[in-house]
2 protein chains.
Amino acid sequence: MSIKLDPWGSQIITDYSKLFEEFGIEKFSEIIDKIPNPHLLMRRGVVFGHRDFHSILARITSNEKFAVMTGFMPSGRIHFGHKMVIDQLVWYQKKNAEIFIAIADAEAYAIRRLSREEVIRIGVEEYIASMLALGLENKRLHIYFQTNYHPAYYRLIQLFSRKTTLSEFKALYGSDISPGKIVSVLSQMADILHPQLDIFGGYKYVVVPVGSDQDPHIRFTRDIADRFRKELGLERPASTYHRFMTGLDGGKMSSSRPMSAIFLTDSPEKAKEKIWKALTGGRGSIEEQKKLGGEPEKCTVFEFFAYHLIKDDKELMDIYSRCKNGDLLCGDCKKMAMELLERWLKDFQKRREKNMELAYDITNVPEF
Amino acid sequence: MSIKLDPWGSQIITDYSKLFEEFGIEKFSEIIDKIPNPHLLMRRGVVFGHRDFHSILARITSNEKFAVMTGFMPSGRIHFGHKMVIDQLVWYQKKNAEIFIAIADAEAYAIRRLSREEVIRIGVEEYIASMLALGLENKRLHIYFQTNYHPAYYRLIQLFSRKTTLSEFKALYGSDISPGKIVSVLSQMADILHPQLDIFGGYKYVVVPVGSDQDPHIRFTRDIADRFRKELGLERPASTYHRFMTGLDGGKMSSSRPMSAIFLTDSPEKAKEKIWKALTGGRGSIEEQKKLGGEPEKCTVFEFFAYHLIKDDKELMDIYSRCKNGDLLCGDCKKMAMELLERWLKDFQKRREKNMELAYDITNVPEF
């Protein structure tokens, strides 16, 4: 028996149901059984919704070509929230997907006011090296800085701009929309849709794994694909939606609040300290907890187990049950998490160091 | 003695004076005497205004490096209005300027709904081959399609977008500003400013010869240069402003009204027909004209002489005087123009054919 986390149970975003009802995101649970050897995050309901994943599934099962696209802004440190997406990329790559990864450096450079050198260092050392260490292989892999790519990519930005209106941007991003935001959104559309062009391999089936807050982007991008179906032969991209990891303090996980997230490059000591201080589903007293049991569905440490640290469903179920019935108390549980995390981080960080040179080799570092 | 056409005398745009008073464009007449061997269009007051041309003049006289930048949309046929800009480029090239020419194909493609093949054909065959035939040499010459250029160029578009506001765009281009127009304006800014980047040669002194209606673009671009002075080392571009040629029918010269313009690829017969039908400064009757004299400053045929067909100032002055005092009547004058034009077109069109292959060779025709 496998555990299904309740996607509506998140303490941060409580309106997942709206996504199904109002916006037409389909439930991932309805196709999960057809997916061969689904990823842990799929199996456990963390990936809870999708658009058009049927078409991707058909490619997977028939072993036909398809692509996965994602992007990140190289402005901060990589944490376990990012790892959720990368883990999915690794899984897709094993299903023979072509992987496209955009490093949104123009955005990082302009919004965060980081120096060019810093943006490049973060992009390559923090993100790309980590991705390789997480198991992404250097095959069928396309990593690019947004500021240093092929002209055909930029041409899409130019063309897309002509078939959009200011009203659309305002409806999606608010009336304080700026030229910078417009160009950024158009760039993201080019990121998602460019693998379909012949010059990039002609991948007509592309899936974008995102957090549910990214659905407005996805919807807009699907509309754009429709508008350029005839002219450029674009098809709508598919998408999957995953829950966010709760921050360790119960708030939103964010690079800007270091105690809310464990960074993949945190020292094991620092990481253990964060776990020790993390918000759990424990009760007010040991007495009470023994009597009522804990609430693992509200526990950020249990989330760590479920999303990252424990691969075996039975083992996870066992922790869940022992917490629920008051046998496993938070102190012991945290110690277990700290031990697992320490081992994982040490292994990972060694692999990351080993992949540093390769990370630079396979990335089109801008020289201007 | 040279003829100075009155720049306020245009029948189309009557508010040139506003440009000096309200917007701070400086009078070209005030520096013309310092320019070694000035171009015919400068000498005759067709180029009537400038911003910061002093700095360009200093480069010309000291033989230091500088650049000239222009662009055109490859959506229609090239006519004598375009030739005015190209003639200036040829002059600048002889002054050792580096020449940058943008082919705004994304714009042509999207706005005019032309096919990719048609846009490329027009860009190369109609414009580039004509430029070479007009005397532009294949040295210190950079011609590029906007959709197929270096990533560093696109990076400027991304960066510029972040330091502009929607209000600025609305103030300059009206409240019906669109994402397409925004990207187009940002691209034009990148066109004008990119020669300053090291990777494109580091030309810190750039002059943009434009029609006076383009000054809002120039002002906005100069502001952007200020905003990126520290970050990218950009300097304000210089500019010159020229009168528009009056359409042969007295209206605006435009590719979309074929009888208003003579195209460089018009057959001599067609061109002669257009001259024959052109609006002149003649009087109601021969009697009257002999008595009062003609009005060459209102004559589109005289404009053709002054802007294009007659290089010698004395010869032009002679026509002007003979018209003024009623000796030269419109019929004879037009025949003279037709003869000059026929000779010019035949020569030009031969040169254009000869340059067709070179035009393709030196242009980065998009292959995607």
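Only a predicted model underlies this, so the values are computations on that prediction, with no experimental measurement involved.

Draft legend 1. Spotlight on the pattern of salt bridges. Inspection of every chain in the model, using the stated rule, returns 58 salt bridges over all chains. For Glu342 of chain A, the salt bridge goes to Lys272 of chain A, with nearest N and O atoms at 3.1 Å. You can see Glu342 of chain A sitting in helix α16 (residues 330–354) and its partner Lys272 of chain A sitting in helix α12 (residues 268–276), a full 70 residues away along the chain. When the shortest N-O distance is used, the salt bridge between Arg121 of chain B and Glu118 of chain B registers 3.3 Å. Taken together, the positions of Arg121 of chain B and Glu118 of chain B, both in helix α6 (residues 116–133) and three residues apart, correspond to about one turn of that helix. With relative accessibility at 31%, the residue Arg121 of chain B sits in the partly exposed group. Several salt bridges share partner residues, and in doing so they unite Asp226, Arg229, Glu235 and Arg236 of chain A into one network.

Draft legend 2. Representation of the relation of the copies chain B and chain A. Relative to chain A, chain B is turned by 180° and slid 0.0 Å along the rotation axis, the superposed coordinates differing by an RMSD of 0.0 Å. Within this description, the copies of the chain are treated as partners about a two-fold rotation axis.

Draft legend 3. Representation of the packing of helix α8 (residues 166–173) of chain B against helix α9 (residues 179–193) of chain B in the model. Residue and element names in this part refer to chain B. At a minimum axis separation of 11 Å, α8 and α9 run at an interaxial angle of 90°. One element, α8, and the other, α9, form an angle in the roughly perpendicular class. Residues Leu166, Phe169 and Tyr173 of α8 pack against Lys181, Ile182, Val185 and Leu186 of α9.

Draft legend 4. Representation of the interface of chain B and chain A. Contact with chain B, which involves 37 residues of that partner, is made by 37 residues of chain A. Run the count over chain B and chain A and you get zero salt bridges. Summed over the shared surface of chain B and chain A, the number is four residue pairs in polar contact (both at pLDDT 80 or more). The set of elements that each furnish at least two residues to the side of chain B that touches chain A consists of α5 (105–111), α7 (151–162), α8 and α9 of chain B. With eight residues, α7 of chain B is the single largest residue contributor to the side of chain B that touches chain A. A class-by-class count of the residues in the side of chain B that touches chain A yields 18 nonpolar, eleven polar and eight charged.

Draft legend 5. Molecular detail of unusual backbone geometry. Residue and element names in this part refer to chain B. At Asn96, a residue that is not glycine, the phi angle is positive and equals roughly 70°. Mapped onto the secondary structure, Asn96 falls in the loop between α4 (80–94) and β4 (98–103). Despite not being glycine, Arg140 shows a phi value in the positive range, around 45°. In this structure, Arg140 sits in the loop between α6 and β5 (141–145).

Draft legend 6. Quick look at the sheet that holds β5 of chain B. Residues and elements named next belong to chain B. In spatial order, the strands read β1-β2-β7-β6-β3-β4-β5; together these seven strands make up an open sheet with mixed pairing. The sheet terminates laterally at β1 (26–27) and β5, the two strands that pair on one side only. Two elements, strand β3 (residues 67–72) and β4, share six bridges in a ladder whose sense is parallel. Considered in β4, the bridge of Thr70 is made with Ile101.

Draft legend 7. Spotlight on the packing of aromatic side chains. Residues and elements named next belong to chain B. Taken as a whole and assessed by the stated rule, the structure comprises 37 aromatic pairs over all chains. Ring centres of Tyr144 and Tyr149 lie 3.8 Å apart, and the angle between their planes is 5°; this geometry places the pair in the stacked category. The pair Tyr144 / Tyr149 is uniform in exposure class, with both members buried. Geometrically, the ring pair formed by Tyr153 and Tyr154 is edge-to-face, given 5.1 Å between the ring centres and 75° between the ring planes. Look at Tyr153 and you get buried, because its relative accessible area is 0%. Given a relative accessible area of 3%, Tyr154 falls into the buried group.

Draft legend 8. The arrangement of the pairing of β5 of chain B in detail. Residues and elements named next belong to chain B. Along β5, four of the five residues are buried, which leaves the element largely enclosed by surrounding structure. Here β4 pairs with β5 via five bridges, running parallel. Within β5, the position partnered with Ala102 by the bridge is Tyr144.

Draft legend 9. Expanded view of the state of the cysteines. Residue and element names in this part refer to chain A. This model, assessed by the stated rule, comprises zero disulfides over all chains. A disulfide-free cysteine, Cys299 has its sulfur positioned 6.0 Å from the sulfur of Cys333, the nearest such atom. Overall, Cys299 belongs to the buried group, its relative accessible area being 12%.

Draft legend 10. Here's a closer look at the sheet that holds strand β7 (residues 238–242) of chain A. Residues and elements named next belong to chain A. Here seven strands make up an open sheet; going across it, the order is β1-β2-β7-β6-β3-β4-β5 and the pairing mixed. Two strands bound the open sheet, and with one partner strand each, they are β1 (26–27) and β5 (141–145). Two elements, β1 and strand β2 (residues 47–51), share two bridges in a ladder whose sense is antiparallel. The residue bridging Glu26 from the neighbouring strand is His50, located in β2.

Draft legend 11. Structural context of the nonpolar core. Membership of the largest hydrophobic core comes to 94 residues, with the highest contact counts inside it found for Phe160 of chain A together with Phe160 of chain B. If we ignore the near neighbours within four places in the chain, the residues touching Phe160 of chain A are Leu186, Met189, Ala190, Leu193, Ile224, Phe228, Leu232 and Leu234 of chain A. Membership of the second largest hydrophobic core comes to 76 residues, among which are Phe53, Ile103, Ile310 and Phe348 of chain A.

Draft legend 12. How the structure looks around the confidence of the model for chain A. Residue and element names in this part refer to chain A. Per-chain confidence: chain A averages 92 in pLDDT, with 95% of residues scoring 70 or above. Note that pLDDT drops below 50 for residues 1–14; the model gives that stretch 40 contacts with residues more than four away or on any other chain. As scored by the predictor, the complex reaches a pTM of 0.90 and an ipTM of 0.86.

Draft legend 13. Geometry of the side chain of Glu126 of chain A. Residue and element names in this part refer to chain A. You can see Glu126 is positioned in helix α6 (residues 116–133). Buried within the structure, Glu126 lacks any salt-bridge partner; Arg352 is the closest side chain of opposite charge, at an N-O distance of 4.2 Å. Once residues lying within four places of it in the same chain are set aside, the contact partners of Glu126 are Gly76, Arg77, Ile78, Arg121, Thr265 and Arg352.

Draft legend 14. Fine view of the side chain of Glu303 of chain A. In this structure, Glu303 of chain A sits in helix α14 (residues 300–309). Buried within the structure, Glu303 of chain A lacks any salt-bridge partner; Arg243 of chain A is the closest side chain of opposite charge, at an N-O distance of 4.0 Å.

Draft legend 15. Geometry of the packing of helix α12 (residues 268–276) of chain B against helix α16 (residues 330–354) of chain B. Residue and element names in this part refer to chain B. Here α12 crosses α16 at 155°, and the two axes come no closer than 9 Å. When the axis of α12 is compared with that of α16, the two are roughly antiparallel. Classified by chirality, the crossing of α16 by α12 is right-handed. Across from Pro268, Glu269, Ala271, Lys272, Ile275 and Trp276 in α12, the residues of α16 making contact are Gly331, Lys334, Lys335, Ala337, Met338, Leu341, Glu342, Leu345, Lys346 and Gln349.

Rules of the game
- Residues numbered from 1 in each chain as written.
- Chains lettered and ligands numbered in written order.
- Predicted model: local features only at pLDDT ≥ 70, side-chain atom pairs only at ≥ 80, totals over all residues.
- Heavy atoms only, no water.
- Salt bridge = Lys/Arg side-chain N within 4 Å of Asp/Glu carboxyl O.
- Helix = DSSP H or I, 4+ residues; strand = E, 2+ residues; numbered from the N terminus.
- Buried < 20%, exposed > 50% of the residue type's maximum accessible area, 1.4 Å probe, protein only.
- Least-squares fit on C-alpha atoms with pLDDT ≥ 70 in both.
- Axes fitted to C-alpha atoms, helices over the stretch in contact; angles between N-to-C directions.
- Parallel < 35°, antiparallel > 145°, perpendicular 65-115°, else oblique.
- Contact = heavy atoms within 4.5 Å.
- Polar contact = N/O pair within 3.5 Å; in protein donor to acceptor, adjacent residues only side chain to side chain.
- Nonpolar A, V, L, I, M, F, W, Y, C, P; charged D, E, K, R; others polar.
- Pairing = 2+ DSSP bridges.
- Phe/Tyr/Trp six-rings, centres within 6.5 Å; stacked < 30°, edge-to-face > 60°.
- Disulfide = S-S within 2.5 Å.
- Core = buried A, V, L, I, M, F, W, Y, C linked by side-chain atoms within 4.5 Å.
- pLDDT = per-residue confidence, 0-100.
- Lys, Arg positive; Asp, Glu negative; His and termini not counted.
- Left-handed = near helix turned anticlockwise from the far one by under 90°.

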